[in-house]
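Listed here are the chains, written in short residue letters.
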Amino acid sequence: STGVTMIRHFAFFSLALIAAVAPAVADTTCPSPQRGCNPPNIFSAMTASDTLPTIVASTGISQDMKDKLNEGHQVLVNFIGGATPSKAYLWEPGGADAAYAGMQSTLCAQQNSGCSFSNYVTDAKAGGGQYHKGGAGSDCKCSHARETSSAVFYLPTSGDSAEFIGERGIHEAAHITQMSHGEYFPTWLVEGGAVHLEC
């Protein structure tokens, strides 16, 4: 039973890794609007890179927390690679409006299809507790949305340690790399792969 479980875990991790590091296809053809039983079409303008996501932080975020987040990103990039351009937005919990003001122009410039700055400020001021890859740069190519830049969002609570943020950095940076290879990956594969890499 333990052997079977280990084989299943290895197979699951292998599938997640393959999805994360599949080679990118040149943007010379358009994805088909209907996939049927065909594999996902790779459709992203992101570029494979060993550059870490640029951290954009509110004023109350400590240098230690930024450093731990960069360490988490670096672990992921060393293992499966990264993608650029990408940014990591780090929002302090319960800050004043002025603490977040310096982040607005960067986020709104990246989110060319509508800026969600005020929503993130509201969530951060309410205490945070959210971590995810969210909306960033996109364009329309061949009647499909195409990601042109990536953003991950870290809204820690007041009880979250810098080490915890670093661990989350591995998970969220995995999503940058995964989605830089295309779209339509099943959620179980994307999230399962990120959790395995985080471990």
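Refer to the structure presented above.
Let us look at the structure shown here. All values derive from a computational prediction rather than experimental measurement. (Residues numbered from 1 in each chain as written. Predicted model: local features only at pLDDT ≥ 70, side-chain atom pairs only at ≥ 80, totals over all residues. Heavy atoms only, no water.)

### Some details on the sheet that holds strand E8 (residues 150–155)
The strand order E2-E4-E8-E5 describes an open sheet built from four strands, whose pairing is mixed. Two strands in the sheet have a free side with no partner beyond their single neighbour: strand E2 (54–57) and strand E5 (130–134). Between one strand axis and the next, the sheet turns through 15° on average, direction left out of account. Pairing between E5 and E8: five bridges, direction antiparallel. For Lys-133, the partnering residue across the bridge sits in E8 and is Val-152. Contacting E2, strand E4 (86–90) and E8, helix H2 (residues 63–80) crosses the sheet at an angle of about 145° to E4. Set on the sheet, helix H5 (residues 117–125) makes contact with E5 and E8; between it and E8 the angle comes to about 25°. (Pairing = 2+ DSSP bridges. Helix = DSSP H or I, 4+ residues; strand = E, 2+ residues; numbered from the N terminus. Axes fitted to C-alpha atoms, helices over the stretch in contact; angles between N-to-C directions. Contact = heavy atoms within 4.5 Å.)

### Re the environment of Glu-198
Within the secondary structure layout, Glu-198 lies in helix H7 (residues 187–198). Overall, Glu-198 belongs to the partly exposed group, its relative accessible area being 24%. For the pair Glu-198 and Val-75, spaced 123 residues apart in sequence, the C-alpha separation works out to 9.4 Å. Non-local contacts of Glu-198, meaning those with residues more than four positions away in its chain, are made with Glu-167, Arg-168, Ile-170 and His-171. (Buried < 20%, exposed > 50% of the residue type's maximum accessible area, 1.4 Å probe, protein only.)

### Here we look at helix H6 (residues 162–179)
Every α-helix winds through 3.6 residues per turn, so residues three or four apart in the chain are directed the same way. Helix length check: H6 (18 residues) gives 26 Å between terminal C-alpha atoms against 26 Å at 1.5 Å per residue, within 8%. In terms of residue burial, H6 counts as a mostly covered element, since 14 of its 18 residues are buried. (Expected span 1.5 Å × (residues − 1).)

### A few points about the state of the cysteines
Applying the stated criterion across every chain, the model contains one disulfide. A sulfur-sulfur distance of 2.0 Å marks the disulfide that ties Cys-108 to Cys-115. Residues Cys-108 and Cys-115 are joined by a disulfide whose S-S torsion is about -70°; by sign, that bridge is left-handed. By relative accessible area, which is 27% here, Cys-108 ends up partly exposed. (Disulfide = S-S within 2.5 Å.)

### Re the pairing of E8
With six of its six residues buried, E8 lies for the most part within the structure. Residues of E8 alternate between two faces, with Ser-150, Val-152 and Tyr-154 on one and Ala-151, Phe-153 and Leu-155 on the opposite face, all of them buried. Pairing of E4 with E8, which is carried by five bridges, proceeds in the parallel orientation. Paired with Ser-86 across the strands is Ser-150, a residue of E8.

### Quick notes on the environment of Ser-44
Topologically, Ser-44 is positioned in the loop between helix H1 (2–21) and strand E1 (47–49). Look at Ser-44 and you get buried, because its relative accessible area is 15%. The spacing of Ser-44 and Glu-147 is 103 residues in sequence and 5.3 Å in space, taken between C-alpha atoms. The contact partners of Ser-44, leaving out residues within four places of it in the chain, are Arg-146, Glu-147, Met-179, Ser-180 and Gly-182. For Ser-44, the side chain forms a polar contact with the main-chain nitrogen of Met-46, separated by 3.1 Å. In terms of polar contacts, Ser-44 uses its side chain to reach the backbone carbonyl oxygen of Ser-180, at 3.4 Å. (Polar contact = N/O pair within 3.5 Å; in protein donor to acceptor, adjacent residues only side chain to side chain.)

### Brief notes about the nonpolar core
Counting 14 residues, the largest nonpolar core has Tyr-89, Trp-91, Tyr-100, Met-103, Leu-107, Phe-117 and Phe-153 as its most contacted members. The set of elements that each furnish at least two residues to this core consists of H5 and E8. Excluding anything up to four places from it in sequence, Phe-117 contacts Trp-91, Tyr-100, Ala-101, Met-103, Gln-104, Leu-107, Cys-108 and Gln-111. Grouped together as the second largest cluster of nonpolar side chains are 13 residues, Met-46, Ile-61, Tyr-131 and Tyr-154 included. (Core = buried A, V, L, I, M, F, W, Y, C linked by side-chain atoms within 4.5 Å.)

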